[in-house]
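Take a look at the letters that make up each chain.
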Amino acid sequence: SNKILSNTERILSYSQNMEISTRGFLISDKPFFLAAIDKYMPLLQQSVIRLQQYSNESTIEKKSIDSLQVIITKNIEARKKLIEIRKTKGSDSANAFFERAMVQQEMTTRLYDQISRFQSQEQHSLEIEKSAYEESIHNLTRIINVFFFILILLLLISFFIIYKNTRARNKAEEEIKNLNG
């Protein structure tokens, strides 16, 4: 649904903000970046939980969400470790860990790819749903047109019957007048 798509956009946004803040802290060692990371980590986790709540639990969707959850959890753990290394062992050790854990394992790329696949699956599901709704509306329009036709036909038949009965009544009144007078 659109809620799922907007939630995956939020996950991407929070991930990008965490990425920027992690790199900012890695380069500058400024606590400001830690505050941003602390802000986005729970938001990212909450977004994944919401995503699980919105899903209709189809097998493909559940696997995608579980896979996304694993990637995000690994990403968050690696970032926590990176921050700890930067605080305790310095910039060079943190850069080496970043290269080994983040770049070589392509965590960010895997996350973006997984979200992209998930979004395309969800978009496909929405398109199928949309076409089903459009067909349902088309069928409903047909039914309404048939009922409209039947209504007009009944009105015409009623008009014809009333007209015929009125003529018969007028004719009978005419004959009664001729007989009486």
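Residues numbered from 1 in each chain as written. Predicted model: local features only at pLDDT ≥ 70, side-chain atom pairs only at ≥ 80, totals over all residues. Heavy atoms only, no water.

### Quick look at the overall build of the chain
Thinking step 1. Along the chain, the regular secondary structure elements total five helices and zero strands.
Thinking step 2. Relative to its length of 181 residues, the chain is extended, with a C-alpha radius of gyration of 35 Å against a globular reference of 16 Å.
Thinking step 3. Principal axes of the C-alpha set define a box for the chain whose edges measure 125 × 30 × 20 Å.
Thinking step 4. Out of the 181 residues in the chain, the part that is buried amounts to 30%.
Thinking step 5. Sequence separation of at least 24 residues holds for 77% of the intrachain contacts in the chain that already meet a minimum separation of 6.
Thinking step 6. Counting only carbon and sulfur atoms, one obtains 59% of the accessible surface of the chain, whose full area is about 12,500 Å². (Helix = DSSP H or I, 4+ residues; strand = E, 2+ residues; numbered from the N terminus. Rg over C-alpha atoms; globule rule 2.2 N^0.38 Å. Buried < 20%, exposed > 50% of the residue type's maximum accessible area, 1.4 Å probe, protein only. Contact = heavy atoms within 4.5 Å. Areas by Shrake-Rupley, 256 points an atom, 1.4 Å probe, with all protein chains shown as cover.)

### Looking at unusual backbone geometry
Thinking step 1. A positive phi angle is found at Asp29, which is not glycine, with a value near 65°.
Thinking step 2. The exposure class of Asp29 is partly exposed, given its relative accessible area of 39%.

### Let's talk about the packing of aromatic side chains
Thinking step 1. According to the stated counting rule, one finds three aromatic pairs in the structure shown.
Thinking step 2. Here Tyr14 and Tyr40 contribute two aromatic rings whose centre-to-centre distance is 5.9 Å and whose plane-to-plane angle is 35°, an arrangement assigned as tilted. Of the two residues, Tyr14 sits in helix α1 (residues 2–28) while Tyr40 sits in helix α2 (residues 31–54), which places them 26 residues apart along the sequence. Tyr40 carries the same exposure label as Tyr14, and that label is buried.
Thinking step 3. Between the aromatic rings of Phe159 and Tyr163, the centroid separation amounts to 6.4 Å while the plane-to-plane angle is 20°, which identifies the pairing as stacked. Of this pair, Phe159 and Tyr163 both sit in helix α5 (residues 107–180), separated by four residues, roughly a single helical turn. (Phe/Tyr/Trp six-rings, centres within 6.5 Å; stacked < 30°, edge-to-face > 60°.)

### So, α5
Thinking step 1. Over its 74 residues, α5 runs 107 Å from end to end, which matches the ideal 110 Å to within 8%, given 1.5 Å per residue.
Thinking step 2. Along α5, the residues that are buried comprise Met107, Thr108, Leu111, Gln114, Ile115, Phe118, Gln119, Glu122 and Leu126. (Expected span 1.5 Å × (residues − 1).)

### So, α2
Thinking step 1. The end-to-end C-alpha distance of α2 is 35 Å, a good match for the 34 Å that 24 residues give at a rise of 1.5 Å each.
Thinking step 2. Buried residues of α2: Leu34, Ala36, Ile37, Tyr40, Met41, Leu44, Ser47, Val48 and Leu51, and no others.

### Focus on the confidence of the model for the chain
Thinking step 1. Across the chain, the average pLDDT comes to 85, with 93% of residues at or above 70.
Thinking step 2. For the chain, per-element mean pLDDT is lowest for helix α4 (residues 91–103), which scores 79, and highest for α5, which scores 90. (pLDDT = per-residue confidence, 0-100.)

### Things to note about the packing of α1 against α2
Thinking step 1. Running from amino to carboxyl end, α1 crosses α2 at an angle of 160°, the nearest separation of the two axes being 9 Å. Classified by the angle their axes make, α1 and α2 are roughly antiparallel. In terms of crossing hand, the pair formed by α1 and α2 is left-handed. (Axes fitted to C-alpha atoms, helices over the stretch in contact; angles between N-to-C directions. Parallel < 35°, antiparallel > 145°, perpendicular 65-115°, else oblique. Left-handed = near helix turned anticlockwise from the far one by under 90°.)

### Describing the packing of α1 against α5
Thinking step 1. The geometry of α1 relative to α5 is characterised by a closest axis approach of 10 Å and an angle of 165° between their N-to-C directions. On the basis of the axis angle, α1 is roughly antiparallel to α5. Crossing handedness for the pair α1 and α5: left-handed. Along the contact surface, α1 presents Asn2, Ile4, Leu5, Thr8, Glu9, Ile11, Leu12, Ser15, Gln16 and Glu19, while α5 presents Thr108, Leu111, Tyr112, Ile115, Phe118, Gln119, Glu122, Gln123 and Leu126.
Thinking step 2. In terms of residue class, the contact of α1 with α5 is built from nine nonpolar, seven polar and three charged. (Nonpolar A, V, L, I, M, F, W, Y, C, P; charged D, E, K, R; others polar.)

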